[in-house]
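# Observations on the model geometry
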Amino acid sequence: MYLTHFGLTHYPFERALEPDELFASSAVCEAQVRLTHLVELRGIGLITGEVGSGKTTACRRLAATLHPGLHRLFYVPLSTGNVMDMYKAIAWQLGLPVERNRAAAYRAIHTEVCRLAVECHIHPVLVVDEAQHLRNDVLEDLRLLTNYEMDAAPRLCLLLVGLTELRRRLAMAVHESLAQRIVVRYHLGGLARDELGAYLDHRLQLAGTSLPLFEPGAVEALYQATHGLPRKVNRIAHYALSAAALAKARQIDPEHVHRAVEEVQ
């Protein structure tokens, strides 16, 4: 609706960006440094954050930076089943046939990881998203999957991605063995207050305009409503642009943002 009004080529806040289009916020850059270090260590890592903070985006950015001849990333979003469900999801990613029992499934995955690392010189990176839903026995088996040659040869890099509650779960005594094996931890926050204006301009430029459509007051109102969480920012900014277009305004002011917040709620 507001495309022609503001001279945009497409909706700036509705499209998922490609890795090379992502806004390099301080949080995303810090996460990238930590994840690169994790891949080098081939250990277990933990990325947490609130809903819409950009956790999956950070994983996409990591995948785009990995050399395809040296690493292979396997992404598993299934996190609500039992151990066999997890093994089946991992086996499917690895291109393995589905085994009938837990021991055979573990052995098949273990053998394939060894083959990739030793024979093909390709280091597997396993990303398990929405990990806050994982059952305790699944978390324990994932830890065991990283054990090679009695912990003497790190071959599988495991990254657990989830909401903030995952950090609290891993602090429980039942997960002490796994917690001690985590070599990289990072909690992904939202955009900083002084980054939000640049983020909005970045999204608008990708959509075809370099005009500062959001007034400073509107940027502050948007930050107050979202605390800088990118997904919330995108949603409310979209509605604010619509409100401004309906009012035939040339810029988005705080009132447009307030209307957008009410509409979203």
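Scroll up to find the structure this text is about.
Here's a quick rundown of the structure. The model shown is predicted, which means the values in this text are computed figures rather than measured ones.

### Describing the overall build of the chain
Of regular secondary structure, the chain possesses twelve helices and five strands. When the 265 residues of the chain are sorted by exposure, 50% land in the buried category. Considering only residue pairs separated by 6 or more positions, the chain has 75% of its internal contacts joining residues 24 or more positions apart. For the chain, the exposed surface amounts to about 13,000 Å²; the carbon and sulfur share of it is 53%. For the chain, the separation between the mean place of its 28 positive charges and that of its 29 negative charges on side chains is 4 Å.

### Examining the packing of aromatic side chains
The tally for this structure, following the rule as stated, stands at four aromatic pairs. Ring geometry for Tyr2 and Tyr11: centres 5.1 Å apart, planes at 85°, overall edge-to-face.

### Comments concerning the environment of His258
Note that His258 resides in helix 12 (residues 254-264). Measuring from C-alpha to C-alpha, the distance between His258 and Tyr239 comes to 9.9 Å, with 19 residues separating the pair along the chain.

### Re the pairing of strand 1 (residues 44-49)
For strand 1, the buried fraction is high: six of the six residues fall into the buried class. Side chains of strand 1 alternate between two faces, with Ile44, Leu46 and Thr48 and Gly45, Ile47 and Gly49 buried alike. Of the strand pairs in this sheet, strand 1 and strand 4 (residues 157-162) are connected by five bridges, and their pairing is parallel. The partner of Leu46 across the bridge, within strand 4, is Leu160.

### Observations regarding the nonpolar core
Note on soluble globular proteins: their nonpolar side chains tend to be buried together. In terms of nonpolar packing, the biggest core is built from 34 residues, with Ile90, Leu126, Leu134, Leu142 and Leu160 touching the most fellow members. For this core, the secondary-structure elements that each account for two or more residues are strand 1, strand 2 (71-76), helix 4 (83-94), helix 5 (102-119), strand 3 (123-128), helix 6 (136-145), strand 4 and helix 7 (165-170). Looking at this core element by element, the count peaks at eight residues for helix 4. Among the nonpolar cores identified, the runner-up in size contains 30 residues, and Tyr2, Leu200, Leu204 and Leu241 belong to it.

Thresholds, definitions, all that
Residues numbered from 1 in each chain as written. Predicted model: local features only at pLDDT ≥ 70, side-chain atom pairs only at ≥ 80, totals over all residues. Heavy atoms only, no water. Helix = DSSP H or I, 4+ residues; strand = E, 2+ residues; numbered from the N terminus. Buried < 20%, exposed > 50% of the residue type's maximum accessible area, 1.4 Å probe, protein only. Contact = heavy atoms within 4.5 Å. Areas by Shrake-Rupley, 256 points an atom, 1.4 Å probe, with all protein chains shown as cover. Lys, Arg positive; Asp, Glu negative; His and termini not counted. Charge placed at Lys NZ, Arg CZ, Asp CG, Glu CD. Phe/Tyr/Trp six-rings, centres within 6.5 Å; stacked < 30°, edge-to-face > 60°. Pairing = 2+ DSSP bridges. Core = buried A, V, L, I, M, F, W, Y, C linked by side-chain atoms within 4.5 Å.

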